[in-house]
Amino acid sequence: MTFENLLYDCSDGIATVTVNRPKALNALNEATLKELLCLFTGLKDEAAVKVVILTGAGEKAFVAGADIAEMQPIDAVTGRQFALLGHQLAATIEDLPKPVIAAVNGFALGGGCELALCCDIRLASENARFGQPEVNLGVIPGFGGTQRLPRLIGKGLACELLMTGDMINAAEAYRIGLANKVLPAAELLPAAGKLAVKIASKGPIAVSFVKSALRDGLETDLTRACSHEADLFGLCFATADQKEGMLAFLEKRPAKFAGK
Ligand code: DAK
């Protein structure tokens with residue numbers, strides 16, 4: 001796959017997607033959003049890919065936000081279309097039946113923070129900075145930040161970040177649960193790769209059900225969410241992976257999952 005603003009690599013079941021506009025700190029213009037949407041849509045049916053790592057090119061930024069130069073002159077109708085494109089991308093990442101790990105290697109601001117928020121796991125380098133600085137620009141987050149941030153870190157902390165536009169460092173992001181782990185910059189991608197390999201060794205259907213149970217369950221009441229979990233748990237017993245996983249345990253050997 002070749003793109004103008006993205007790099008793509010896949011080996012041993014791990015796909016790495018790199019937003020590649022380092023001169024603009026990987027800011028998301030419309031073309032990049034469309035490429036991300038196209039790529040993540042295609043990954044759904046890419047059987048060779050088990051886990052995806054999303055990162056930014058260069059040493060300074062994951063994604064420094066939506067492209068301000070491109071956004072500055074737009075009108076309300078175009079603004080809405082731009083926001084809808086961002087929402088479509090976020091939903092595609094969240095609905096992808098495979099885990100997506102954000103390797104946040106620098107600034108994750110505005111739309112960049114929102115992009116990281118729709119990934120399943122966020123690892124951060126020590127130089128990572130997170131923030132929703134939209135209020136500094138006279139706008140609000142347009143790619144779901146006002147919704148996903150409070151769901152992850154709680155309403156009070158989210159309010160503070162969203163209303164002040166302040167940036168926080170990686171240690172603070174870890175403290176409030178925005179980052180799962182903080183690593184020296186040179187260790188970020190190897191750590192993301194190691195984590196991806198570990199998850200890729202598990203039953204892929206079970207992993208995708210975990211993602212589905214979390215995604216759908218957290219958006220509904222506990223009774224319905226547990227019922228959804230029970231359905232997915234039951235469905236596991238229709239898979240060859242369940243038979244193999246449990247047989248392998250009984251035979252004291254590693255399981256060989258076929259994803260069936
Ligand atoms: N867009 C475009 N260019 C950007 C950019 C961005 N978000 N961030 C950085 N750049 C560019 C800079 O303009 C500069 O370009 P040149 O001048 O070299 O041509 C280059 O990247 C390097 O940046 P700096 O020279 O500024 O680098 P520094 O290290 O001094 O500062 C910084 C790094 C990240 C602190 C600073 O660049 C900065 O504050 N950047 C803007 C961060 C920001 O405000 N991000 C949020 C963007 S707003 C919506 C949908 C979505 C959104 C809103 C509404 N709807 C339609 C409703 C989303 C909004 C956002 O994401």
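This text goes with the structure placed above it.
Structural notes, computed from the coordinates. Computed from a predicted model, the values in this text were never measured in an experiment.

Tracing the backbone shows Val210 in helix H9 (residues 204-217). Through-space distance from the C-alpha of Val210 to that of Lys98 is 9.7 Å; in sequence the pair is 112 residues apart.

In this structure the tally under the stated criterion is 1 cavity of 30 Å³ or more. Approximately 60 Å³ is the volume attributed to the largest cavity. Lining the largest cavity are Leu28, Leu33, Gly86, Leu89, Ala90, Gly111, Glu114, Leu115, Cys118 and Phe143. Mapped onto the lining of the largest cavity, the elements with two or more residues apiece are helix H3 (76-95) and helix H4 (111-117). By residue class, the composition of the lining of the largest cavity is 7 nonpolar, 2 polar and 1 charged.

Below, the discussion takes up helix H1 (residues 30-43). Helix length check: H1, at 14 residues, gives a terminal C-alpha distance of 20 Å against a target of 20 Å (1.5 Å per residue), a fit within 8%. All of the buried residues along H1 are Thr32, Leu33, Glu35, Leu36, Leu37, Leu39, Phe40 and Leu43. Looking at the buried positions of H1, the neighbouring elements they touch are strand E1 (6-11), strand E2 (14-19), strand E3 (51-56), H3, strand E5 (100-104) and H4.

About the cut-offs
- Residues numbered from 1 in each chain as written.
- Predicted model: local features only at pLDDT ≥ 70, side-chain atom pairs only at ≥ 80, totals over all residues.
- Heavy atoms only, no water.
- Helix = DSSP H or I, 4+ residues; strand = E, 2+ residues; numbered from the N terminus.
- 1 Å grid on protein atoms, 1.4 Å probe; cavity = no way out; pocket = protein on both sides within 12 Å on 5 of 7 lines; lining within 4 Å.
- Points joined across faces, edges and corners; volume = space filled by probe spheres on them.
- Nonpolar A, V, L, I, M, F, W, Y, C, P; charged D, E, K, R; others polar.
- Expected span 1.5 Å × (residues − 1).
- Buried < 20%, exposed > 50% of the residue type's maximum accessible area, 1.4 Å probe, protein only.
- Contact = heavy atoms within 4.5 Å.

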